[in-house]
Amino acid sequence: MNLKILPAATASIVMLCGCSESTPPVERVPDSAEQLALFIDDFVARQETEVPTDLSAASFTEELQQTKADLARLRAIDLSALSVEEEIDWRFAQSILRGQEIAQE
């Protein structure tokens, strides 16, 4: 083996190994169907564990803020990227939340 090539080869390997670590990992963004599934899972779980309101004005305000936040999160999902069945689920979730918003206001 040619000893003149060994230092250059070693330096190349070290540089290549170092380059792969400097690249930050790319975070995968869920697609619309995944966003909808996560939203529905969160919404159902919250409904099942929700503590009844204490009937104070602050409690009603907090519930309304949560409903508006849920609506904003749902409406941020790209409806055109959903299947027909997913779009039905999206519209059903929106109707439930919109009804809650009207009642809470």
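Here, every reference points to the structure presented above.
Keep in mind that this is a model prediction, so the values were computed, not measured.

1. Side note on the packing of helix α2 (residues 32-49) against helix α3 (residues 57-75)
In step 1: Axis separation between α2 and α3 bottoms out at 10 Å; the angle between their running directions is 160 degrees. Looking at the two axes, α2 sits roughly antiparallel to α3. The two elements α2 and α3 meet at a crossing, and its hand is left-handed. Between α2 and α3, the contacting residues are Leu36, Leu38, Phe39, Asp42, Phe43 and Arg46 on the first element and Gln66, Asp70, Arg73 and Leu74 on the second.
In step 2: Classifying every residue of the contact of α2 with α3 gives 5 nonpolar, 1 polar and 4 charged.

2. Quick word on the packing of aromatic side chains
In step 1: For the coordinates displayed, the defined rule picks out 1 aromatic pair.
In step 2: For the pair Phe39 and Phe43, a centre-to-centre distance of 6.1 Å together with 10 degrees between the ring planes defines the contact as stacked. In this pair, Phe39 and Phe43 both sit in helix α2, 4 residues apart, roughly one turn of the helix. Summarising the burial analysis for this pair, Phe39 and Phe43 share the class buried.

3. Observations concerning the side chain of Ser32
In step 1: Tracing the chain through its elements places Ser32 in helix α2.
In step 2: Judged by its relative accessible area of 11%, Ser32 falls in the buried class.

4. Observations regarding the pattern of salt bridges
In step 1: Inspection of the entire model under this criterion finds 6 salt bridges.
In step 2: Of the charged contacts in the structure, one is a salt bridge between Glu101 and Arg98, with a shortest N-O distance of 2.6 Å. Taken together, the positions of Glu101 and Arg98, both in helix α4 (residues 84-104) and 3 residues apart, correspond to about one turn of that helix.
In step 3: When its relative accessible area of 34% is taken as the criterion, Arg98 is described as partly exposed.
In step 4: The network of salt bridges with shared partners includes Lys68, Arg98, Glu101 and Glu105.

Thresholds applied
Residues numbered from 1 in each chain as written. Predicted model: local features only at pLDDT ≥ 70, side-chain atom pairs only at ≥ 80, totals over all residues. Heavy atoms only, no water. Axes fitted to C-alpha atoms, helices over the stretch in contact; angles between N-to-C directions. Helix = DSSP H or I, 4+ residues; strand = E, 2+ residues; numbered from the N terminus. Parallel < 35°, antiparallel > 145°, perpendicular 65-115°, else oblique. Left-handed = near helix turned anticlockwise from the far one by under 90°. Contact = heavy atoms within 4.5 Å. Nonpolar A, V, L, I, M, F, W, Y, C, P; charged D, E, K, R; others polar. Phe/Tyr/Trp six-rings, centres within 6.5 Å; stacked < 30°, edge-to-face > 60°. Buried < 20%, exposed > 50% of the residue type's maximum accessible area, 1.4 Å probe, protein only. Salt bridge = Lys/Arg side-chain N within 4 Å of Asp/Glu carboxyl O.

These values are about where atoms sit, not about what they do.
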